[in-house]
Amino acid sequence: MKIIVAGGDGFCGWPTALYLSKQGHDVAIVDSMVRREMDNELHSNSLTPIASLEERVAKWKELTGNDIRTYEGDLTHYDFLREVLKQEMPDAFVHFAEQRSAPYSMIDREHAVYTQTNNVAGTLNVLYGIKEFVPDCHLIKLGTMGEYGTPNIPIEEGYIEIEHKGRKDVLPYPKQPGSFYHLSKVHDSHNMTFACKIWGIRATDLNQGVVYGLETDETKMDPVLTNRLDYDGVFGTALNRFIIQSAIGHDITVYGKGGQTRGFLNIEDTVRCIEIAAENPADQGEFRVFNQFTEEFSVGELAEKVQKVAQEEGCETTIANLDNPRVELEAHFFQAENTKLRDLGLEPHLLDDDVIRAIFRTVVRHKDRVIKDNVLPQVSWR
Ligand code: NAD
């Protein structure tokens, strides 16, 4: 298949592009490089040193003989996107290319407006581009489990059957997101639902959980192919951030009581889920939703798992319960469906001590790169 991976220079996109290329697909990456600029804005960095996109794809070509074409540009610029689509004529468009940090979106008005403009306008352009140039192309769009929030009933995969005043219908599952970033994803989902309905576009919304891990078989092939790893208070996500904190002797920072429960998955499963979605496209006009996570953990539970492994590796680590910078429930019901990807063949890599240990040991090798001032959360929802 011809597959565009938008956001293919990022944490999920880069290993996905390599994996799809390894599986024999013809891959092109689109990325504006804005994530690298954000590192400069925040005076932060990837824990792992990352090569430029040009160096990365050149190394991949050298090692495998496979070409990955690259297009540097912004999805919010329709003239650019139109040219890429005309040139590539993709069978599938994998869309990772969004501002993906909740704290970044909550810094101030400017960052909230940027996040929603970048994400919502970018996706709207992709929908128009598909309609105009490649109406058969399957849009595989990354959403987030955070779109649902934490309702007091089980979370379904996208839709729920409701009986109301004696009548029944299957309706989009209610969304109660917890940041302007998560709201941007909800707005995207609505725009996609509508575009599928009116234009017959085929789309899959992957409501992804929190991704942990770093390397895949492909990124491990050479240091130039190494993936980025975020640890700071803005882009670092639970588990990866905890492991890095413990490796540098920092307290593990749990926000509030730590009872916040979320869906998680290994980066090795992210790449496989994209492949599964691509190989089993949604029908024409279908807006399909998969919940893309493999296990549920509370933040407190993860902190304890990391503390145990860190101790075994010789790092004494304390768990610190910080005042929660976010506005969210700290103890709540959480039970979410995630059977659709498994039914299509996903065999999850589950989290155990060995997985944490492997990430820990990689992290230790790069711990001198950590900018300690960036570790604590500095963005408040209030
Ligand atoms: P990332 O920031 O590492 O990568 C995103 C990439 O998209 C970056 O390389 C960035 O430069 C690019 N980009 C952003 N806006 C763009 C635009 N307008 N035009 C072109 N390129 C643009 O993020 P990630 O962690 O790889 O996340 C990828 C996707 O998966 C996001 O949509 C995110 O919301 C979703 N997701 C991620 C996680 C996670 O734990 N990382 C969890 C759930 C969902």
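Residues numbered from 1 in each chain as written. Predicted model: local features only at pLDDT ≥ 70, side-chain atom pairs only at ≥ 80, totals over all residues. Heavy atoms only, no water.

- Per an unreviewed UniProt entry, the protein chain carries the name NAD-dependent epimerase/dehydratase family protein and comes from Lentibacillus salinarum.
- Under the heading Sequence similarities (unreviewed entry), UniProt records this for the protein chain: "Belongs to the NAD(P)-dependent epimerase/dehydratase family." (UniProt positions renumbered as here; feature names shortened; annotations may be inferred.)

1. Structural notes on the side chain of His25
In step 1: Structurally, His25 can be placed in the loop between helix H1 (13–22) and strand S2 (26–31).
In step 2: Setting aside residues up to four positions removed in sequence, His25 forms contacts with Met1, Ile3, Leu20 and Glu279. (Helix = DSSP H or I, 4+ residues; strand = E, 2+ residues; numbered from the N terminus. Contact = heavy atoms within 4.5 Å.)

2. What about the packing of aromatic side chains?
In step 1: Here the structure, examined in full by the defined rule, presents 5 aromatic pairs.
In step 2: By the ring-pair criterion, three or more aromatic residues cluster together here, those being Tyr104, Tyr114 and Phe235. (Phe/Tyr/Trp six-rings, centres within 6.5 Å; stacked < 30°, edge-to-face > 60°.)

3. Remarks on the site of the ligand
In step 1: Not every one of the 27 residues close to the ligand is listed here, only the nearest: Asp31, Arg100, Asn118, Tyr181 and Lys185.
In step 2: In this structure, Leu75 approaches the ligand through a main-chain N or O atom, which is 3.0 Å from a nitrogen atom.
In step 3: Phe96 has a polar backbone atom sitting 3.3 Å from an oxygen atom of the ligand.
In step 4: Considered on its own, the ligand offers 830 Å² of accessible surface; in the complex 98% of this is hidden by protein. (Near = heavy atom within 4 Å. Polar contact = N/O pair within 3.5 Å; in protein donor to acceptor, adjacent residues only side chain to side chain. Areas by Shrake-Rupley, 256 points an atom, 1.4 Å probe, with all protein chains shown as cover.)

4. Regarding the UniProt feature "domain: NAD-dependent epimerase/dehydratase" (unreviewed entry) in the protein chain
In step 1: The UniProt entry lists residues 3–291 under the feature "domain: NAD-dependent epimerase/dehydratase" (unreviewed entry), expressed in the numbering used here.
In step 2: Across residues 3–291, the secondary structure splits into 38% helix and 22% strand, with the terminal C-alpha atoms separated by 22 Å.

5. Describing the pattern of salt bridges
In step 1: Summed over all chains, the structure comprises 29 salt bridges.
In step 2: Taking the shortest distance from any N to any O, the salt bridge between Asp9 and Arg56 comes out at 2.9 Å. You can see Asp9 sitting in the loop between strand S1 (2–6) and H1 and its partner Arg56 sitting in helix H3 (residues 53–64), a full 47 residues away along the chain.
In step 3: A salt bridge links Glu313 to Arg357; the shortest N-O distance between them is 3.2 Å. With Glu313 in the loop between helix H10 (299–312) and strand S14 (319–322) and Arg357 in helix H12 (residues 353–365), the pair connects residues that are 44 residues apart, well separated along the chain.
In step 4: On the basis of relative accessibility, which here comes to 16%, the residue Arg357 falls in the buried class.
In step 5: Connected through shared salt-bridge partners, Lys308, Glu312, Glu313, Asp353, Asp354, Arg357 and Arg361 make up one network. (Salt bridge = Lys/Arg side-chain N within 4 Å of Asp/Glu carboxyl O. Buried < 20%, exposed > 50% of the residue type's maximum accessible area, 1.4 Å probe, protein only.)

6. Observations regarding the packing of H1 against helix H9 (residues 267–279)
In step 1: Interaxial distance between H1 and H9 falls to 9 Å at its minimum, and their mutual angle equals 55 degrees. If you check the angle between H1 and H9, you find them oblique. H9 is crossed by H1, and the crossing has right-handed handedness. Residues Pro15, Thr16, Tyr19 and Leu20 of H1 touch H9, and the partners they reach there are Ile267, Thr270, Val271, Arg272, Ile274 and Glu275.
In step 2: A breakdown of the residues in the contact of H1 with H9 according to their chemical character gives 6 nonpolar, 2 polar and 2 charged. (Axes fitted to C-alpha atoms, helices over the stretch in contact; angles between N-to-C directions. Parallel < 35°, antiparallel > 145°, perpendicular 65-115°, else oblique. Left-handed = near helix turned anticlockwise from the far one by under 90°. Nonpolar A, V, L, I, M, F, W, Y, C, P; charged D, E, K, R; others polar.)

7. Regarding the nonpolar core
In step 1: Within the largest apolar cluster, 34 residues are counted, with the highest numbers of intra-cluster contacts made by Val30, Phe93, Ile130 and Leu139.
In step 2: Among the elements of the structure, S1, S2, helix H4 (78–88), helix H6 (109–133), helix H7 (180–199) and strand S12 (287–292) are those that each provide at least two residues to this core.
In step 3: With 5 residues, H4 is the largest single contributor of residues to this core.
In step 4: By size, the runner-up hydrophobic cluster in this structure holds 33 residues, among which are Ile68, Leu142, Val211 and Leu265. (Core = buried A, V, L, I, M, F, W, Y, C linked by side-chain atoms within 4.5 Å.)

8. Brief notes about the packing of H4 against H6
In step 1: Put simply, H4 and H6 touch, their axes get as near as 10 Å, and they point 40 degrees apart. Here H6 runs oblique to H4, going by the angle between their axes. Considering how the two elements wind past one another, H4 and H6 form a crossing that is right-handed. Along the contact surface, H4 presents Tyr78, Leu81, Arg82, Leu85 and Lys86, while H6 presents Asn125, Val126, Tyr128, Gly129, Ile130, Glu132 and Phe133.
In step 2: For the contact of H4 with H6, the per-class residue count stands at 7 nonpolar, 2 polar and 3 charged.

9. Comments concerning the state of the cysteines
In step 1: Going through the model one piece at a time under the given rule, you end up with 0 disulfides.
In step 2: Left without a disulfide partner, Cys12 is nearest to the cysteine sulfur of Cys273, which lies 11 Å away.
In step 3: Left unpaired, Cys137 is separated from the closest cysteine sulfur, that of Cys196, by 12 Å.
In step 4: Given the relative accessible area of 1%, Cys137 is considered buried. (Disulfide = S-S within 2.5 Å.)

10. Observations concerning unusual backbone geometry
In step 1: Positive phi outside glycine occurs at His43, with the angle close to 50 degrees.
In step 2: With respect to the helices and strands, His43 occurs in the loop between helix H2 (34–41) and H3.
In step 3: Its identity is not glycine, yet Lys165 carries a phi of approximately 50 degrees, on the positive side.
In step 4: Tracing the backbone shows Lys165 in the loop between strand S6 (159–164) and strand S7 (167–172).

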